[in-house]
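Listed below are the residues making up each chain.
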Amino acid sequence: MKVGLYFGSFNPIHIGHLVIANHFAEYSDLDQVWFVVTPHNPFKKKSSLLDNYQRLEMVYRATEDYTKLKPCDIEFGLPQPNYTVNTLAHLQEKYPDMEFALIMGSDNLKSFHKWKNYEVILENHHIYVYPRIYKDDDGTQFDDHEKIHVIHAPIMELSSTFIRKSIKSGKNVHPMLPQKVWQYLDEMNFYK
């Protein structure tokens, strides 16, 4: 089975995340997409970041009706700060029969050469890239790499930051969130 790993804080997970993940699950050779919830870095003070398990709960609620989308808390048990290369090694060890690929936005691909042991990642894993709108669109050193696949997923100009700010200022963000996530946020009074 080929699994795409979609890393993020998902603070909160929104319909843009689901649209992109579902597109990869349905229109690429990936069998599943796992939302890897990145834990709070203990060395960073981020008061707007919800607890790890609250964010995992939102991902669980957002994905429970999709057979090809799954929440993943693998990084919660790894030493912090953690690097993607370590997560991939850990997953490969835990699930030796699965093939793991990374999913990232084209903006992240630009700085991929700065990632810890990026060569090791590229040697052992494919990378699936979705388009982002940003000013500097000169391409990257990886544009013709055989393990990098650009998938023309819908461009989603929606961010968790925008949603948090909107909730704080009393705006209705209901259409931007999966129904169960909106209910959870509302019930828990998050981001207000």
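Described in the following lines is the structure provided in the data block. Nothing here was measured: the structure is a model prediction, and the numbers come from that model.

### Digging into the pattern of salt bridges
Pairs may arise between side chains of opposite charge once their charged atoms sit close together.
Next, step 1: For the coordinates displayed, the defined rule picks out seven salt bridges.
Next, step 2: We note a salt bridge from Glu99 to Lys2, for which the minimum N-O separation is 3.8 Å. With Glu99 in strand β4 (residues 99-105) and Lys2 in strand β1 (residues 2-8), this residue pair connects regions lying 97 residues apart in the sequence.
Next, step 3: The partly exposed category is assigned to Glu99, whose relative accessible area is 37%.

### Some details on unusual backbone geometry
Next, step 1: A cis amide bond, omega 5°, links Asn11 with the succeeding residue Pro12.
Next, step 2: Within the secondary structure layout, Pro12 lies in the loop between β1 and α1 (15-27).
Next, step 3: Across the junction of Gln80 and Pro81, the peptide omega takes the value -5°, indicating a cis bond.
Next, step 4: Examined against the element boundaries, Pro81 turns out to sit in the loop between β3 (69-72) and α3 (84-94).
Next, step 5: The residue Asn189 is not glycine, and still its phi comes out positive at about 65°.
Next, step 6: Mapped onto the elements of the fold, Asn189 is located in the segment after α7 (179-188).

### Observations concerning the side chain of Ser166
Next, step 1: Position of Ser166 among the secondary structure elements: in helix α6 (residues 160-168).
Next, step 2: Apart from the residues lying within four places of it in its own chain, the contact partners of Ser166 are Lys171 and Val173.

### Observations concerning the side chain of Asn11
Next, step 1: Tracing the backbone shows Asn11 in the loop between β1 and α1.
Next, step 2: A polar contact of 2.6 Å, which involves the side chain of Asn11, links it to the side chain of Tyr191.

### Topic: the environment of Trp182
Next, step 1: Considering the arrangement of structural elements, one finds Trp182 in helix α7.
Next, step 2: With a relative accessible area of 25%, Trp182 lands in the partly exposed category.
Next, step 3: In sequence terms Trp182 and Pro12 are 170 residues apart; their C-alpha atoms lie 9.4 Å from each other.
Next, step 4: Once you skip the residues sitting within four places of it in the chain, Trp182 turns out to touch Val173, His174 and Leu177.

### What to know about the sheet that holds strand β6 (residues 148-150)
Next, step 1: Reading across the sheet, the six strands line up as β3-β2-β1-β4-β5-β6 and stay open at both edges, with parallel pairing between neighbours. Of all the strands in the sheet, just β3 and β6 have a single pairing partner and so form its edges. Neighbouring strand axes in the sheet, compared pairwise and without regard to direction, differ in orientation by 30° on average.
Next, step 2: Here strand β2 (residues 32-37) runs beside β3; their pairing, made up of four bridges, is parallel. Within the sheet, the bridge partner assigned to Val33 lies in β3 and is Leu69.
Next, step 3: Against the sheet, helix α2 (residues 52-63) contacts β2 and β3, and its axis sits at roughly 170° relative to β3.

Analysis parameters
Residues numbered from 1 in each chain as written. Predicted model: local features only at pLDDT ≥ 70, side-chain atom pairs only at ≥ 80, totals over all residues. Heavy atoms only, no water. Salt bridge = Lys/Arg side-chain N within 4 Å of Asp/Glu carboxyl O. Helix = DSSP H or I, 4+ residues; strand = E, 2+ residues; numbered from the N terminus. Buried < 20%, exposed > 50% of the residue type's maximum accessible area, 1.4 Å probe, protein only. Contact = heavy atoms within 4.5 Å. Polar contact = N/O pair within 3.5 Å; in protein donor to acceptor, adjacent residues only side chain to side chain. Pairing = 2+ DSSP bridges. Axes fitted to C-alpha atoms, helices over the stretch in contact; angles between N-to-C directions.

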